[in-house]
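Survey of secondary and tertiary structure
Letter by letter, the chains look like this.
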Amino acid sequence: MSAVIALIRKEFLIDWRDRQAWASILLYILATVYVVYLAFEKIIDAETWNALLWVILLFTAFNVVSRTYDQDTGGRQFYLYTLASAQQVYLSKSLYSALFMTVAGVLTFLIYQFFLPLESLSVSPLNYLSAIILGAIGLTSILGLISAIAWKTGANSGMIAILGFPVIIPLLVAIITFSEGIILGYTWSMVQMYALALILLIVLGNGLGYILFPYLWRD
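The structure displayed is predicted, hence computed values, not measured ones. (Residues numbered from 1 in each chain as written. Predicted model: local features only at pLDDT ≥ 70, side-chain atom pairs only at ≥ 80, totals over all residues. Heavy atoms only, no water.)

1. With respect to the overall build of the protein
Along the protein, the regular secondary structure elements total eight helices and zero strands. Listed N to C, the secondary structure of the protein is α-α-α-α-α-α-α-α in terms of helices and strands. The proportion of buried residues among the 219 residues of the protein is 45%. The contacts of the protein with a sequence gap of at least 6 include a subset with a gap of at least 24, amounting to 84%. Accessible area for the protein stands at about 11,200 Å²; split by element, carbon and sulfur atoms hold 71% of it. (Helix = DSSP H or I, 4+ residues; strand = E, 2+ residues; numbered from the N terminus. Buried < 20%, exposed > 50% of the residue type's maximum accessible area, 1.4 Å probe, protein only. Contact = heavy atoms within 4.5 Å. Areas by Shrake-Rupley, 256 points an atom, 1.4 Å probe, with all protein chains shown as cover.)

Set out below in structure tokens:
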């Protein structure tokens, strides 16, 4: 794990040195939420409010994941090949992407709630934040291996969109239903099936990536 932590620190320092990644994601969130605000001004229906938020988070996840492997090109890739194993590289990038997306998801929720407040959400905002965090981790888990495949093909953003949408549908159904249940005040027994489905998809996505990424890395 020391190598994984060192690689995560490397990813953070690169992004901190060149803050364009953070600024572009923040600008995308602000612009998208503001456009939704101009279009709707006020959303009373909880289902519509929830669905629009996850549409924004979905495309934010595509933006976050699409840059996961862009930094490791040319000589830097060969240098990493001598420093760490493929599994360590995959774990570090998956954890960093999940952390990045979690921060972006929480920011999106706060900005979205500021522009389009939903009064019924005030009952359980912390519970809804837990759904945001779980969904953010799930999105990066499912899209992580797809991002690696797209990186190898050289058509990063386009390939992620083509391969990612069909795969991400079960996760979206689970997370939208789970978060909608939290807003509407459903009991845990009514939403636990979707929470367990989310956890299973996260484990499945990371497990497949951990097993298959060495073949991509070795190529």
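2. Some words on helix 3 (residues 46-66)
With 21 residues, helix 3 extends 30 Å between its outermost C-alpha atoms, agreeing within 8% with the 30 Å of an ideal straight helix rising 1.5 Å per residue. Burial of helix 3 is extensive: 15 of the 21 residues sit out of reach of the surface. (Expected span 1.5 Å × (residues − 1).)

3. Considerations on the environment of Tyr194
Inspection of the secondary structure assignment puts Tyr194 in helix 8 (residues 188-218). Taking the C-alpha atoms as reference points, Tyr194 and Leu171, separated by 23 residues in sequence, lie 9.3 Å from one another. Setting aside residues no more than four positions away along its own chain, Tyr194 makes contact with Ala174, Thr177 and Phe178.

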